[in-house]
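Close look at the chain arrangement
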Amino acid sequence: MMTAFTEIYQQLDWQQLAIQINSKSAQEVEKAICSDRPSLNDFMALISPAAYPYLEVIAQKAQKLTRQRFGNTVGLYVPLYLSNLCANNCTYCGFSMHNPIKRKTLHETEIIAECEALRSIGYNNLLLVTGEHPSKVGMNYFRQYIPLIKKYFSTLLMEVQPLTITEYSELKEIGLDGVLVYQETYHQPTYQQHHLRGKKQDFFWRLETPDRLGQAGIDKIGLGALIGLSDNWRVDYYLVANHLSYLQKKYWKSRYSISFPRIRACIGGIQPASTIHEAELIQLICAFRLLAPEVELSLSTRESPFFRDNIIPLVINTLSAGSKTQPGGYADNHQALEQFTVYDNRSAETMAKVIINAGLQPVWKDWDHHLGR
């Protein structure tokens, strides 16, 4: 049975959306900027080429909205890679099963060492990441280790293979707070071109994952697309916005976050099909703040130190720092196991100082248990 967003998606035409975005006028951009609550049509204008000359005005309003909603705080999180085993063949990922890299899955002693290393840094907000290998790093593995990991952290998120409603509900009961699930690209032909083997070939199973998360009552749901995979980042992120709008109306009890990952170098990786300049990336991120002031906007270590230092005070309110993209990266560094090459490899302590020097406050946890959820 198709979900409502699948039905919405199938009524949209990629090429027509591209034409609509590219045809937006300066007058439509000005209307969108002045709107108290921009519509999806306004969002089209804000990410259009016509909006580029208005970047400073858009950024100023985005900064004002960010401070109003989130104060002067910037949340810090860190990814913990539990395994680089993967049963998918994807052209853009270092964990892809066709890549001849060493494979590693952390066991209990190693997981404890990683958790203790991260807690000693100060982290209390953790993102668990694995390759997609349901038989070896699936529900049995999660049942065994999530309760152990949860003892160390107040907030626990996951970025793993899509699961069922029942499985998400079970994980919520044993400590899971949120799930990030990126569609990679909303352009189905491009999606099929880059997913050559494995369960991830199923475009609609992945597209419907946020619906299953909402039905399971997961507290935080993260969306995004891999910039550079399709030939049009504007259409991809218009569809992210469309997806977000639908989810907020239907699953209003959940919180949402948007990420903006760009393709980074990895073993066996592809060249981007399209590029987005840093000023355009700022335009995109700020447009989301105008569209949805209450949504968390997150930036990873895929971006350069210079870019991160300059956009954090503007609009970003969740940030990874000191990230390692391989299993066992914190207690015992094995670079040969990396998923992709980190661009900003500064330590968490250094990033905290950057945030403070910008007049902001680094926050190491998402919430406290005694306050309730």
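Scroll up to find the structure.
Description of the structure in this document.

How each quantity is defined
- Residues numbered from 1 in each chain as written.
- Predicted model: local features only at pLDDT ≥ 70, side-chain atom pairs only at ≥ 80, totals over all residues.
- Heavy atoms only, no water.
- Buried < 20%, exposed > 50% of the residue type's maximum accessible area, 1.4 Å probe, protein only.
- Helix = DSSP H or I, 4+ residues; strand = E, 2+ residues; numbered from the N terminus.
- Pairing = 2+ DSSP bridges.
- Expected span 1.5 Å × (residues − 1).
- Arc of directions from axis to C-beta.
- Contact = heavy atoms within 4.5 Å.
- Phe/Tyr/Trp six-rings, centres within 6.5 Å; stacked < 30°, edge-to-face > 60°.
- Core = buried A, V, L, I, M, F, W, Y, C linked by side-chain atoms within 4.5 Å.
- Salt bridge = Lys/Arg side-chain N within 4 Å of Asp/Glu carboxyl O.

Examining the pairing of strand 1 (residues 73-83)
Regular strands have side chains that alternate between both faces of the sheet. Counting buried positions along strand 1 yields 10 of 11 residues, so the element is predominantly enclosed. Of the pairings in the sheet, the one linking strand 1 to strand 11 (residues 361-363) comprises 3 bridges and is parallel in character. Within strand 11, the residue paired with Gly75 across the bridge is Val363. Examined bridge by bridge, strand 1 and strand 10 (residues 318-320) share 3 bridges and lie parallel to one another. Note that in strand 10 the partner of Leu76 across the bridge is Leu319. One ladder, built from 5 bridges, connects strand 1 with strand 3 (residues 125-130); its direction is parallel. Bridging across to strand 3, Ser83 finds its partner in Thr130.

Digging into unusual backbone geometry
Phi is positive for Glu184, close to 75°, though the residue is something other than glycine. Positionally, Glu184 belongs in the loop between strand 5 (178-180) and helix 9 (188-194).

Some points on helix 6 (residues 108-121)
Between its terminal C-alpha atoms helix 6 stretches 20 Å, which fits the 20 Å expected from 14 residues at 1.5 Å a residue. Residues Ile111, Glu114, Cys115, Ala117 and Leu118 constitute the buried set of helix 6. Considered in projection along helix 6, the buried side chains sweep an arc of 160° and stay on one side of the axis. Turned more than 90 degrees off the buried face of helix 6, the exposed positions are Thr109 and Ser120. Packing partners of the buried residues in helix 6 comprise strand 1, strand 3 and helix 7 (139-150). Directly after helix 6, the chain includes Gly122, whose backbone phi takes a positive value near 130°.

A word on the packing of aromatic side chains
All chains considered together, the criterion is met by 15 aromatic pairs. Look at Tyr9 and Phe204: their rings are 6.1 Å apart centre to centre, the planes differ by 75°, and that puts the pair in the edge-to-face class. Pair noted here: Tyr9 is in helix 1 (residues 4-10) and Phe204 is in helix 10 (residues 203-207), with a separation of 195 residues, a long-range link. Residue classification places Tyr9 among the buried positions, given a relative accessible area of 11%. Arranged with centres 5.1 Å apart and planes meeting at 90°, the rings of Phe203 and Phe204 form a pair that is edge-to-face. The class of Phe203 is buried, set by a relative accessible area of 1%.

Here's the deal with the nonpolar core
Counting residues in hydrophobic clusters, the biggest one holds 106 residues, and the most contacted among them are Phe142, Ile149, Ile258, Phe260, Leu284 and Phe288. Broken down by element, this core gets its largest block of residues, 10 residues, from helix 12 (residues 233-250). Residue contacts for Phe288: discarding those within four places in its chain leaves Phe43, Tyr237, Val240, Ala241, Leu244, Ile258, Phe260 and Leu297. Core analysis: the second largest hydrophobic core is formed by 16 residues, Tyr77, Cys86, Ile101 and Leu127 among them.

Here we look at the pattern of salt bridges
By the definition in use, this model includes 19 salt bridges. With a shortest N-O distance of 3.0 Å, Glu132 and Arg206 are connected by a salt bridge. Highlighted residues: Glu132 in the loop between strand 3 and helix 7 and Arg206 in helix 10, separated in sequence by 74 residues. For Arg206, a relative accessible area of 6% puts it in the buried group. The salt bridge partner of Lys353 is Glu349, with a shortest N-O separation of 3.9 Å. Here Lys353 pairs with Glu349, and both are found in helix 15 (residues 348-357), just 4 residues apart, close to one helical turn. When salt bridges with common partners are traced through the structure, they connect Glu132, Glu184, Lys200 and Arg206 into a single cluster.

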